[in-house]
Amino acid sequence: MSAAADKKLSAKLTLPDGKEANLPVVVGTEDEHAIDIRSLRNETGFITIDTGYMNTGSTTSAITYLDGEQGVLRYRGYSIEELAEKSNFVETSYLLIYGKLPNTQEREQFGTMLTRHSLIHEDLHHFFAGYPPTSHPMAVLSAMVTSLSAYYPDCLDRNSPTDLHIARLLSKVRTIAAFSYKKSIGQPLMYPKNSLKYCANFLHMMFAVPSEEYVVSPVLEKALNQLLILHADHEQNCSTSTVRMVGSSGANVYAAIAAGILALWGPLHGGANQAVIEMLEEIKLSGGDYKKFVDDVKNKRDNRRLMGFGHRVYKNYDPRAKILKKMCDEVLAHLGIKDPLLELAKGMEEIALKDDYFVSKKLYPNVDFYSGIIYRAMGIPTNMFTVMFALGRLPGWIAHWKEMVEDKDTKIGRPRQVYTGERPRKFVPIDQRT
Ligand code: ACO
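Fair warning: this is a prediction, and the values are worked out from it, not measured in the lab.

Caption draft 1: Broad picture of the overall build of the protein chain. Tallying secondary structure elements over the protein chain gives 18 helices and six strands in all. For the protein chain, the spread of C-alpha atoms along the three principal axes comes to 75 × 65 × 55 Å. Residue burial in the protein chain is summarised as follows: out of 434 residues, 46% are buried. A separation threshold of at least 6 residues defines the contact pool for the protein chain, and within that pool the share at least 24 residues apart is 70%. Entry remark: accessible area of the protein chain is about 22,700 Å², with carbon and sulfur atoms responsible for 52%. Across the protein chain, the centroid of the 52 positively charged side chains sits 3 Å from that of the 50 negatively charged ones.

Rendered as structure tokens:
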């Protein structure tokens, strides 16, 4: 869905030579206003510069609405709070990808597709054996997702039916994630069980062993559903923009998603959940003086940051972090776990939210501040946290890829630059160089 230019509104730009450019204004359904600069270079020779795309809308999109000042997040118009409470991950995935909540029949068909496509080709199992046990699971996941395109070459045809690729991705990425964990700890791979629902099946593949019956805890199943829903989309973030950028070249959906997984890996993005736990463990190991740590952050000692705090878009409490903080208490109580890292995290949040450094910069806990503590309590190892994020973000990436492919106005992503290098100069042969 593209936002229309408002005929009554335009923006006037005065250029250094005194000429003026009249630029149309585009208005979104939530009254967001954007100056459309697409004609600027052709008409004036000027481009705009915006490193980190702080202020650039790369597309219009009908998937997710986010108001960072108010702390609002909605998928396809439904609030994140309501979805986390009343929906499940598969239904929310359908909503994001197909734009509406499924009816009973659609929900059943979608569920059956996910169940039928949960296995990965047996030949792919050899790939796991090729990685050293110390491999980061994000390296394995991204490589395996790229490899899926070799097993389903019809994805190279842009006109191929995408529903099948969508179901394959959603289902197989879950299997790959669990298998990569089993491989890393040297346990036999547990195949998916068709009788289990999406999240329960993942927990089974992660934690069951052939020698005993594994019963999935309904509390953990619900918590996993909620965690994945909270991560499912976040409009044009770094990894989603990467998926769109790679997909805009016509690369297949597996290649685009693998690129998104790699973009997510960084500690400033999805890798922050791992970085939060590492930060809390470091504080605990060095005596638990979190006040000193916060002081180091404020004084930028060793370029420290309070991981899990701050967000490019949220300048208010991240609504997902609010839900996660509550969930943290519930899951830990259910499991009878008292995690000293949770106490540290709460203590740090309390002082940061009263401290002028964080208040003036509008730095609040983000989705990654509490998610790692829940994953840890569930028995998921720290280096798998970003894989869990990828599993959650998958329907969002797919929804954006689909929206982009179906939009007839899509162009290859190709920003410009302002060149700051050398002026033209003559080549000097090596024996004449001083
Ligand atoms: N701790 C301490 N100071 C911070 C933090 C933090 N977590 N985040 C931002 N700041 C400070 C910066 O030092 C900078 O200060 P200055 O103006 O004195 O130089 C100011 O706030 C603005 O920071 P930027 O890095 O310019 O803000 P940007 O919007 O580019 O970065 C980001 C956002 C990357 C999320 C940042 O807040 C950060 O590094 N947070 C920690 C990592 C993290 O939790 N990432 C997960 C984000 S959520 C997600 O991707 C799922």
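There's more to say after this.
Caption draft 2: Focus on helix α10 (residues 238-248). Every buried residue belonging to α10 is among Ser239, Thr240, Val243, Arg244, Gly247 and Ser248, and all of these are buried. Among the structural elements, α11 (253-264) and α18 (385-406) are those in contact with the buried residues of α10. Just beyond α10, the residue with positive phi is Gly250, at close to 95°.

Caption draft 3: Region of the structure containing the domain arrangement of the protein chain. If you check the domain split of the protein chain, you get domain 1 (4-60), domain 2 (81-220 + 253-266 + 383-396) and domain 3 (272-378). The gap between the C-alpha centroids of domain 1 and domain 3 is 38 Å.

Caption draft 4: Broad picture of the site of the ligand. The ligand sits among 21 residues. The nearest are Arg305, Leu306, Arg312, Tyr357 and Lys361. A distance of 2.9 Å is found between an oxygen atom of the ligand and a side-chain nitrogen or oxygen belonging to Asn366. Surface burial for the ligand is 75%, taken as the share of its 920 Å² of free accessible area covered by protein chains. Residues belonging to the shell around the ligand are distributed by class as follows: eleven nonpolar, five polar and five charged.

Caption draft 5: View of the nonpolar core. If you look at the biggest cluster of nonpolar residues, it comprises 111 residues, and the most contacted ones within it are Ile257, Met279 and Met378. A per-element tally of this core places α18 first, with twelve residues.

Caption draft 6: Structural view of the sheet that holds strand β4 (residues 64-67). One open sheet accounts for three strands, arranged β4-β5-β6; its pairing is antiparallel. Across the chains shown, the open sheet's two edge strands, defined by having one partner strand only, are β4 and β6 (78-79). Where strand β5 (residues 72-75) and β6 come together, two bridges link them in antiparallel fashion. Each residue of the ladder has a partner; that of Arg74, found in β6, is Ser79.

Caption draft 7: Just unusual backbone geometry, in detail. A positive phi is found at Tyr53, a non-glycine position, where the angle reads about 45°. With respect to the helices and strands, Tyr53 occurs in the loop between α1 (40-44) and β4. Located in the positive-phi region is Asn303, a residue other than glycine, with phi close to 55°. As for its placement among the helices and strands, Asn303 is situated in the loop between α13 (290-298) and α14 (319-335).

Caption draft 8: Structural detail: the sheet that holds strand β2 (residues 20-27). On the basis of which strands lie adjacent, the open sheet formed by three strands has the order β1-β2-β3 and antiparallel pairing. Sheet topology places β1 (5-14) and β3 (33-35) at the edges, where each strand pairs with a single neighbour. Geometrically, the sheet is characterised by an average inter-axis angle of 35° between neighbouring strands, direction not taken into account. With seven bridges connecting them, β1 and β2 associate as antiparallel partners. Bridging across to β2, Asp6 finds its partner in Val25.

Caption draft 9: Molecular detail of the pattern of salt bridges. Counting across every chain of the model gives 21 salt bridges. Among the salt bridges present, the one from Glu281 reaches Arg376, with a minimum N-O distance of 3.0 Å. Separated by 95 residues along the polypeptide, Glu281 in helix α12 (residues 272-285) and Arg376 in helix α17 (residues 368-378) bring together distant segments of the chain. Exposure remark for Glu281: the relative accessible area of 32% places this residue in the partly exposed category. Its relative accessible area of 27% is what places Arg376 among the partly exposed residues. Among the charged side chains, a salt-bridge network with shared partners connects Lys292, Asp295, Asp296 and Arg301.

Caption draft 10: The pairing of β4, seen in detail. Judged by which residues are buried, β4 turns out to be covered on both faces: Thr64 and Leu66 on one side and Tyr65 and Asp67 on the other are all buried. Bridging between β4 and β5 involves four bridges; their strand directions are antiparallel. Its bridge partner being in β5, Asp67 is matched across the sheet by Val72.

Criteria and cut-off values
- Counting of residues starts from 1 at the beginning of each chain's written sequence and follows it residue by residue.
- Given that the model is predicted, a residue must reach a pLDDT of at least 70 before its local features are reported, and side-chain atom pairs must reach 80 or more before they are shown or counted; all residues, however, enter totals for whole chains, interfaces and linings.
- Side-chain metrics rest on all non-hydrogen atoms present in the structure, leaving aside hydrogens and water.
- For helices the rule is a DSSP run of H or I covering at least 4 residues; for strands it is a run of E covering at least 2, with both sets numbered from the N terminus onward.
- Partly exposed residues are those whose accessible area sits between 20% and 50% of the maximum for their type, while under 20% is buried and over 50% is exposed, using a 1.4 Å probe and protein chains only.
- Whether two residues touch is decided by their heavy atoms; if any such pair falls within 4.5 Å, the residues are in contact.
- Here the accessible surface of atoms and residues is derived via Shrake-Rupley with a 1.4 Å probe, and residues count as covered only by protein chains that are part of the display.
- Only four residue types enter the charge count: Lys and Arg as positive, Asp and Glu as negative, with His and the chain ends excluded.
- By convention, the charge on Lys lies at NZ, on Arg at CZ, on Asp at CG and on Glu at CD.
- Annotation comment: domain bounds sourced from an automatic or database domain assignment.
- A molecule or strand has a residue near it when one of that residue's heavy atoms lies within 4 Å.
- What qualifies as a polar contact is a pair of N or O atoms within 3.5 Å, subject to a donor-acceptor requirement within protein and to the restriction that residues adjacent in sequence count only when both atoms come from side chains.
- In this classification, the charged set is Asp, Glu, Lys and Arg, the nonpolar set is Ala, Val, Leu, Ile, Met, Phe, Trp, Tyr, Cys and Pro, and all remaining amino acids, among them Gly, are polar.
- Remark: nonpolar core denotes a set of buried residues (Ala, Val, Leu, Ile, Met, Phe, Trp, Tyr, Cys) joined through side-chain atoms within 4.5 Å.
- The criterion for strand pairing is that DSSP finds at least two bridges linking the strands in question.
- For every element, the axis is a line fit to its C-alpha atoms; helices are fit only across the contacting stretch, and the angle between N-to-C directions ranges from 0 to 180 degrees.
- Salt bridges, as used here, are contacts in which a Lys or Arg side-chain nitrogen is within 4 Å of a carboxyl oxygen on Asp or Glu.

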